[in-house]
Amino acid sequence: MDQTNAIVDCDVARLDAPLRPFKARAGHNFVALFRRVPADVTGLFVRIFRANDSYFDVTAHEHTDGGWTVRIPAACFPETGEFKYEVHATAADDQPAAIGEGRLVVAPFSTTTTPLAIGAVQEVAQLPCAGGGFVQVLMKWDGYEWMPEAVHSATANEGTEES
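Below is a short write-up of the structure.

Pairing is mixed across the open sheet formed by four strands, whose spatial order is 1-3-7-6. Edge strands, defined here as strands with exactly one partner in the open sheet, are strand 1 (6-9) and strand 6 (61-62). As defined by bridge partners, strand 6 adjoins strand 7 (residues 68-72) across two bridges and the pair is classed as antiparallel. Across the sheet, residue H61 finds its bridge partner in strand 7, namely T69.

The topology assignment puts D40 in the loop between strand 3 (30-35) and strand 4 (42-49). Overall, the relative accessible area of 48% leaves D40 in the partly exposed class. Setting aside chain neighbours within four positions, we find D40 in contact with T90, A91 and A92.

Our next topic: the packing of aromatic side chains. Inspection of the entire model under this criterion finds five aromatic pairs. Relative to Y85, the ring of F22 lies with its centre 3.7 Å away and its plane at 5 degrees, an arrangement referred to as stacked. A residue pair is termed long-range when its members are at least 10 positions apart, and F22 in strand 2 (residues 19-25) and Y85 in strand 8 (residues 81-90) qualify at 63 residues. Plain terms: the ring middles of F30 and F77 are 6.4 Å apart, the flat faces sit at 70 degrees to each other, and that makes the pair edge-to-face. With a gap of 47 residues between them, F30 in strand 3 and F77 in the loop between strand 7 and strand 8 connect regions that are remote in the sequence. Of the two residues examined, F30 and F77, each falls in the buried class. Of the aromatic side chains, those joined through ring pairs into one cluster are F22, F30, F34, F77 and Y85. Residue placement shows K84 over the ring face of F49; its charged tip is 4.8 Å from the ring centre.

With a phi angle near 60 degrees, D53 is a residue other than glycine that sits in the positive phi range. Positionally, D53 belongs in the loop between strand 4 and strand 5 (55-59). The backbone of D94 shows a phi angle near 65 degrees, a positive value even though the residue is not glycine. By the secondary structure assignment, D94 is in the loop between strand 8 and strand 9 (96-107).

With respect to the helices and strands, the residue R47 is situated in strand 4. Taking the relative accessible area as the measure of exposure, R47 reaches 16% and is therefore buried. Side-chain polar atoms of R47 contact the side chain of D57, separated by 2.7 Å. When neighbours within four sequence positions are excluded, R47 is seen to be in contact with Y55, F56, D57, K84, Y85, E86 and H88.

What follows concerns the sheet that holds strand 8. Spatially, the five strands line up as an open sheet ordered 2-9-8-4-5, and their pairing is mixed. Each end of this open sheet is capped by a strand with a single partner; those strands are strand 2 and strand 5. Across this sheet, the average inter-strand angle for adjacent strands is 25 degrees, counted without regard to direction. With five bridges connecting them, strand 2 and strand 9 associate as parallel partners. The residue of strand 9 that forms the bridge with R25 is A107.

Cut-offs applied
Residues numbered from 1 in each chain as written. Predicted model: local features only at pLDDT ≥ 70, side-chain atom pairs only at ≥ 80, totals over all residues. Heavy atoms only, no water. Pairing = 2+ DSSP bridges. Helix = DSSP H or I, 4+ residues; strand = E, 2+ residues; numbered from the N terminus. Buried < 20%, exposed > 50% of the residue type's maximum accessible area, 1.4 Å probe, protein only. Contact = heavy atoms within 4.5 Å. Phe/Tyr/Trp six-rings, centres within 6.5 Å; stacked < 30°, edge-to-face > 60°. Lys NZ or Arg CZ within 6 Å of the ring centre and 35° of its normal. Polar contact = N/O pair within 3.5 Å; in protein donor to acceptor, adjacent residues only side chain to side chain. Axes fitted to C-alpha atoms, helices over the stretch in contact; angles between N-to-C directions.

Here it is, written out as structure tokens:
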């Protein structure tokens, strides 16, 4: 099974009806499959709009069954927000053809694409203590799960010491 984030059925007879929304994630790619694209068009591409009406044009690839797939790179989604996308093509008479447009919602998502390194340490909590100090709880990634690593304590007048 290939990555497909949205399947969009086009209807050029109803250009006033919006296409299916894209629900992308910031900093990650997005793949859409377009169906019901007129058979007499070529050169399908998707225009991804950003703030201030700037945009990216991404070429789609035709399948033997008449569908078109567009693989939109992560760089097209550098920030969160609501935007729009348009689907363009070239008609049989070499004129621009409007296929449709839809809403693009880019939601936040962790931008780290590299798995955690074994031995990575993460602070879980700082618990306040009487007298103004705190207890720091750390966990360490062992490659399968987070394990308690250490508990550090400090008072208001001391540095951090391992308990």
